[in-house]
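Topology and contacts: notes
Listed below are the residues making up each chain.
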Amino acid sequence: MKAKRRMPIVVLVLLAASCLSGCSGKDYPLQEDRLVWEKIADDWGASSNYRYREDEPRLVVIANRASVSSLQGQLRLDHLEMVASVDFSAYLVLIVYQGEKYTTGYSVEVTDIEHNKDAILIYANFHEPAPGEVKGETVTSPYCVLKLKKTDDLEGSFTFVLIANGEEVARQTLVIP
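Everything numeric in this text was worked out from a predicted model, so none of it was measured.

What follows covers the packing of aromatic side chains. Applying the stated criterion across every chain yields a total of 2 aromatic pairs. Ring centres of Tyr52 and Tyr97 lie 4.7 Å apart, and the angle between their planes is 35°; this geometry places the pair in the tilted category. In this pair, Tyr52 sits in the loop between strand 2 (37-43) and strand 3 (58-62) while Tyr97 sits in strand 4 (residues 91-97), placing the two residues 45 residues apart along the sequence. Look at Tyr97 and Tyr143: their rings are 6.0 Å apart centre to centre, the planes differ by 55°, and that puts the pair in the tilted class. Here Tyr97 is found in strand 4, whereas its partner Tyr143 is found in strand 7 (residues 143-149), with 46 residues between them in sequence. A relative accessible area of 0% means that Tyr97 is categorised as buried. Ring pairs connect the aromatic residues Tyr52, Tyr97 and Tyr143, which therefore count as one cluster.

What follows deals with the pattern of salt bridges. Summed over all chains, the structure comprises 7 salt bridges. Close ionic contact of Lys39 with Asp42 constitutes a salt bridge, the shortest N to O distance being 3.3 Å. Classification of Lys39 as partly exposed rests on a relative accessible area of 47%. We note a salt bridge from Arg76 to Asp78, for which the minimum N-O separation is 2.6 Å. The class for Arg76 is partly exposed, based on a relative accessible area of 30%. Judged by relative accessible area, Asp78 falls into the partly exposed class, the value being 32%. Where salt bridges share partners, they join Arg34, Asp112 and Glu114 into one cluster.

Further remarks concern the sheet that holds strand 6 (residues 119-127). Spatially, the 5 strands line up as an open sheet ordered 1-5-6-8-9, and their pairing is mixed. Looking at the sheet topology across the chains shown, the edges are occupied by strand 1 (33-34) and strand 9 (167-176). Note: strand 8 (residues 156-164) against strand 9, 9 bridges, orientation antiparallel. Bridge pairing in strand 9 places Ile163 opposite Glu168.

The rules behind these values
Per chain, residues are indexed from 1 in the order of the written sequence. Local features in this predicted model are restricted to residues whose pLDDT is 70 or higher, and side-chain atom pairs enter the listing and the counts only when it is 80 or higher, whereas totals over whole chains, interfaces and linings include all residues. Side-chain numbers here rest on the full set of heavy atoms in the structure, without hydrogens or water. Pairing of aromatic side chains here covers Phe, Tyr and the six-membered ring of Trp, requires ring centres within 6.5 Å, and sorts the geometry by plane angle: under 30 degrees stacked, over 60 edge-to-face, intermediate tilted. We count a stretch as a helix when DSSP gives it H or I for four or more residues in a row; a strand needs E for two or more, and each element gets its number in order from the N terminus. Relative accessible area decides the class of each residue, using a 1.4 Å probe on protein chains only: under 20% of the type maximum gives buried, over 50% gives exposed, and in between gives partly exposed. A pairing counts as a salt bridge when a side-chain nitrogen of Lys or Arg comes within 4 Å of a carboxyl oxygen of Asp or Glu. Whether two strands pair comes down to DSSP finding at least two bridges between them.

Here you go:
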């Protein structure tokens, strides 16, 4: 008799648990696939003529060799050459910019890239100088350049979303041929 009274309670608990697990506060469904990528260059953007000159973070996606010229003046020349040498039939290039800073001690670290339906999520940490840390007084522009392996299901229109320190900071939509 006790087992029959407990059955509806168990069913209700299971229904509530399944509803709660599907009601996360995340804007993207939880079914994510990790993608294959590698860092090909990074720099803290020491004061030079080659830097991204905006304060806000930025994400740039390069899908073909013709688009590499749009990076002129935003990457060191040796990094620009690395991007130009990528096989764009097999890879995309992603550049994560932290934005222009007015001291040293900043850096960009990409931790993961995931594919989720029509979104590519790029997770990064934007590092800042620790309180009391000695900093150089110079303009910097930290960035990280990545090579992302194309897969059969990475064709069509995708929104690339940059999530830095747990917060969305940039997005770009691109059609991948």
